[in-house]
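Here are the chains, one letter per residue:
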Amino acid sequence: MMKSLLEIRRDLHQIPELGFKEIKTQAYLLEQIKALPQERLTIIEWKTGIVVKVEGTLPRKTIGWRTDIDGLPITEATDLPFKSQHEGKMHACGHDLHMTVALGLLRKLVDNPIKDNVVIIFQPAEEGPGGALPIREWLKTEHPELVPNQIYAFHIAPEYPVGTVATRPGLLFANTSELFIDLVGKEGHAAFPHQAKDMSIAAATLLLQLQTIVSRSVNPMDPAVLTIGKMYSGTVQNIISGEARLEGTIRTMDAETMLIVKEKIESFCRATEIAFDCDIIIDYGSSYYQVKNNDMLANEFLTFAKQDASTTAIVCDAAMTGEDFGYFLQEIPGVIFWVGVDSPFGLHHAKLNPNETVIDYLVPFIESYFRVLSK
Ligand SMILES: [Zn+2]
Ligand SMILES: [Zn+2]
């Protein structure tokens with residue numbers, strides 16, 4: 001027998017693991033999945049992820065559901081009796097709840113199958129380096145029969161009460177990219193600047209130039225953000241710094257604009273290399289494609305949610321946050337939606353504490369939506 005969903009959520013909450021290191025998480029999920037009647041199930045592992053197919057009773061299509069499974073490098077600061085047992089790691093983005101709801105949905109579909117096939121994807125590494133793109137590509141090449149015809153997912157939203165869902169047709173989340181720039185020059189004595197290559201000056205100059213990209217190279221009708229949140233350089237007050245590093249993030253609403261911003265960053269870095277006689281290495285870290293809901297499916301979903309007696313449905317604004325679910329939506333029509341969990345602390349906060357009653361609300365809500373989709 002699969003454990004109760006509340007137990008599952010609390011168990012998973014205690015074992016957060018980072019991207020592609022979800023070893024215990026994967027084993028735990030497999031144990032729960034294998035505790036179900038297996039007749040209709042196909043279970044395939046991919047790295048630390050799992051793909052489960054539930055055979056429909058009269059399948060004409062395959063409906064996909066995706067959950068992410070990774071935690072964050074954050075030290076939990078709650079007093080919960082089931083707080084993280086993994087020092088320095090926490091399910092601070094609610095992926096423990098995402099997994100629990102996916103298992104709950106799976107159990108419902110096994111107990112009472114719908115007509116269509118359902119494929120549930122337990123995807124590693126959403127927070128980085130990104131599991132959606134490689135698992136999508138693996139499915140296409142190795143298991144094309146498991147690629148869904150449409151796909152859905154949710155993310156917890158601390159700011160809404162339980163029973164609220166929110167989404168919108170079209171663009172929901174931005175294109176995002178991390179940005180790490182290493183500048184390598186030559187350290188030297190403070191009194192002999194001509195013999196050194198000062199990377200503090202180079203980094204400071206570059207930082208200011210980068211700030212002109214959004215204001216001078218991007219169409220003002222086209223929202224974009226380039227933030228350098230961290231900058232460091234040097235070792236001691238009287239030594240010229242030989243190395244510096246800028247760390248930041250890029251967000252754009254348009255996929256094309258992301259390319260323009262990156263091209264400009266590269267131009268400014270090349271120019272800085274020439275001007276300051278140094279080497280610059282750019283690393284974009286985790287780079288995520290925009291999350292664009294399918295218009296028709298999002299409207300269908302909102303119509304369903306609005307007539308559901310226990311649900312408040314909101315058409316929300318697009319946000320400059322990122323989600324690697326965008327890689328699924330790039331090729332498969334689908335929808336991701338926010339679900340209220342009523343926590344005073346936001347996503348990625350060390351005190352995030354979602355209201356667990358969301359589980360009992362959400363699982364039957366999604367189940368009944370899948371029944372409508374499969375009518
Ligand atoms: Zn997150
Ligand atoms: Zn998340």
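Residues numbered from 1 in each chain as written. Chains lettered and ligands numbered in written order. Predicted model: local features only at pLDDT ≥ 70, side-chain atom pairs only at ≥ 80, totals over all residues.

Draft legend 1. Spatial organisation of the domain arrangement of the protein. As far as domains go, the protein holds domain 1 (5-172 + 290-373) and domain 2 (175-287). Each side of the interface is counted separately: domain 1 has 8 residues, and domain 2 has 8 residues. Along the lines of polarity and charge, the residues of the side of domain 1 that touches domain 2 split into 4 nonpolar, 4 polar and no charged. (Domains from an automatic or database assignment. Contact = placed C-beta atoms within 7 Å. Nonpolar A, V, L, I, M, F, W, Y, C, P; charged D, E, K, R; others polar.)

Draft legend 2. Local environment of the sheet that holds strand E1 (residues 41-46). Ordered in space as E1-E2-E4-E3-E5-E17-E6-E16, the 8 strands form an open sheet in which the pairing is mixed. Where the open sheet ends on each side, the last strands, each with one partner, are E1 and strand E16 (312-315). Geometrically, the sheet is characterised by an average inter-axis angle of 20 degrees between neighbouring strands, direction not taken into account. Relative to strand E4 (residues 117-123), strand E3 (residues 62-68) runs parallel, the two being bridged by 7 bridges. Of the residues in E4, the one forming a bridge with Thr62 is Asn117. Where helix H2 (residues 23-34) meets the sheet, it contacts E1, strand E2 (49-54) and E4, and its direction lies at approximately 20 degrees from that of E2. Here helix H7 (residues 295-307) sits on the sheet in contact with strand E5 (150-157), strand E6 (164-167), E16 and strand E17 (334-340), set at roughly 35 degrees to E17. (Pairing = 2+ DSSP bridges. Helix = DSSP H or I, 4+ residues; strand = E, 2+ residues; numbered from the N terminus. Axes fitted to C-alpha atoms, helices over the stretch in contact; angles between N-to-C directions.)

Draft legend 3. Main features of the pairing of E3. E3 sits mainly inside the fold: 6 of its 7 residues count as buried. After leaving E3, the chain enters helix H3 (residues 95-111) and then returns to the sheet as E4, a path that is right-handed. Taken together, the 3 bridges between E3 and E5 define a ladder with parallel strand orientation. Each bridged residue has a counterpart across the sheet, and for Ile63 the counterpart in E5 is Gln150. (Buried ≥ 20, exposed ≤ 12 C-beta atoms within 10 Å, placed from the backbone. Right-handed = clockwise from strand over helix to strand, strands pointing away.)

Draft legend 4. Summary view of helix H1 (residues 5-14). Listed as buried for H1 are Leu5, Ile8, Arg9, Leu12 and His13. Down the axis of H1, the buried set is contained in an arc of 130 degrees. They therefore lie on one face. In the core, the buried residues of H1 are packed alongside H2, H3 and helix H9 (358-373). (Arc of directions from axis to C-beta.)

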